[in-house]
Amino acid sequence: TRQSSSAASDVYKRQNERVKRGRLAWFVVTGIPDDIDNPITVQTGKDLTKVTLSKRSPSQPIKIPQSGIIRIVKQVPNPEKPEELMWIVLGQAKVSEDVKKAMIILVPIEKKKDSNLMFHTSVKDLAGFRGGDSLYINLSKLEVAVRLGDKALKLSPGDIKVHSARGITKPTNTPISYHFMHPVKKKWSLISASTVVIRPTRREICIFSWDPRFKRLNYHGVTFPVVR
């Protein structure tokens, strides 16, 4: 809704004002596991920072260390010395040296007995994701298509694609529709259709996923404001 998007934008601005210089990264999460602490603990070099995850807005910015390595960590009892604590890694991302501002996409994964990892990570250079653009992530096992205005994007399972809105200088109403390839009928089926407002001050993210409970395709949006 407009109210929730505005509130998210205000929170984002306040968070962004805390860290203004240097190389920065923001977390965007596609889902938050029930058994994870939120805020999470993020390790950058020797520093530990509490970061709050939200499915509807990006986290506060964190500084990218010189190594480029950013870890999500958790403190647990040491199985060999129960009286002591140790840090385990729940997820790790590496930001390349040429990236000044990055978005780290966190995708929850099924926990395995021989691993502590809880997130798969993907790094997106924000230089290629600008105001007015829309980014689509297909986490389902179905083919998905997005039609935005007179352009269409097709996403295979696992795809991450950006719809560029170059030339947009003011809020613009644009028709949008989402479709999926029906696994039995083998034809495109409509998920939903509406009209959206593309704004040069905002980046929008749409995440498609499969709902096993209702056996249907779901999607949710994340608004990523542009702060100058």
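All of the points below concern the structure found in this document.

Parameters at a glance
Residues numbered from 1 in each chain as written. Predicted model: local features only at pLDDT ≥ 70, side-chain atom pairs only at ≥ 80, totals over all residues. Heavy atoms only, no water. Pairing = 2+ DSSP bridges. Helix = DSSP H or I, 4+ residues; strand = E, 2+ residues; numbered from the N terminus. Axes fitted to C-alpha atoms, helices over the stretch in contact; angles between N-to-C directions. Buried < 20%, exposed > 50% of the residue type's maximum accessible area, 1.4 Å probe, protein only. Contact = heavy atoms within 4.5 Å. Core = buried A, V, L, I, M, F, W, Y, C linked by side-chain atoms within 4.5 Å. Lys, Arg positive; Asp, Glu negative; His and termini not counted. Salt bridge = Lys/Arg side-chain N within 4 Å of Asp/Glu carboxyl O. Polar contact = N/O pair within 3.5 Å; in protein donor to acceptor, adjacent residues only side chain to side chain.

Observations concerning the sheet that holds strand β3 (residues 47–51)
Phase 1 of the analysis: Here four strands make up an open sheet; going across it, the order is β3-β2-β5-β6 and the pairing antiparallel. With one partner strand each, in any of the chains shown, β3 and β6 (85–94) form the two edges of the open sheet. The average angle at which neighbouring strand axes cross in this sheet is 35°, direction not considered.
Phase 2 of the analysis: Examined bridge by bridge, strand β5 (residues 69–77) and β6 share nine bridges and lie antiparallel to one another. Within the sheet, the bridge partner assigned to Ile 70 lies in β6 and is Ala 93.

Some points on the environment of Val 51
Phase 1 of the analysis: The topology assignment puts Val 51 in strand β3.
Phase 2 of the analysis: The exposure class of Val 51 is buried, given its relative accessible area of 0%.
Phase 3 of the analysis: On a C-alpha basis, the gap between Val 51 and Ile 62 in space is 8.5 Å, while along the polypeptide they are 11 residues apart.
Phase 4 of the analysis: Sequence-distant contacts of Val 51, that is, excluding residues within four places in its chain, are made with Phe 27, Asn 38, Pro 39, Ile 40, Val 42, Ser 59, Gln 60 and Ile 62.

Describing the environment of Ile 176
Phase 1 of the analysis: Positionally, Ile 176 belongs in strand β13 (residues 172–181).
Phase 2 of the analysis: Between the C-alpha atom of Ile 176 and that of Val 28, which follows or precedes it by 148 residues, the distance is 23 Å.
Phase 3 of the analysis: Apart from residues no more than four positions distant in its own chain, Ile 176 is found in contact with Tyr 136, Val 146, Arg 147, Leu 148, Ser 192, Ala 193, Ser 194 and Val 196.

Section: the nonpolar core
Within soluble globular proteins, side chains that are nonpolar generally end up buried alongside one another.
Phase 1 of the analysis: Judged by nonpolar contacts, the single largest core of 23 residues is most densely connected at Phe 27, Ile 70, Leu 106 and Phe 119.
Phase 2 of the analysis: Of all the secondary-structure elements, those providing two or more residues to this core are β1 (24–29), β2 (40–44), β5, β6 and β7 (101–108).
Phase 3 of the analysis: Sequence-distant contacts of Leu 106, that is, excluding residues within four places in its chain, are made with Phe 27, Val 28, Val 29, Thr 30, Leu 53, Ile 72, Phe 119, His 120 and Thr 121.
Phase 4 of the analysis: Within the second largest apolar cluster, 15 residues are counted, among which are Ala 165, Ile 176, Tyr 178 and Ile 198.

Here we look at the side chain of Arg 203
Phase 1 of the analysis: One can find Arg 203 in strand β15 (residues 202–211).
Phase 2 of the analysis: Here Arg 203 occupies a buried position and makes no salt bridge, while the nearest side chain of opposite charge, Asp 133, is found at 7.8 Å.
Phase 3 of the analysis: For Arg 203, the side chain forms a polar contact with the main-chain oxygen of Phe 129, separated by 3.3 Å.

What is shown is where atoms sit, not what they do.
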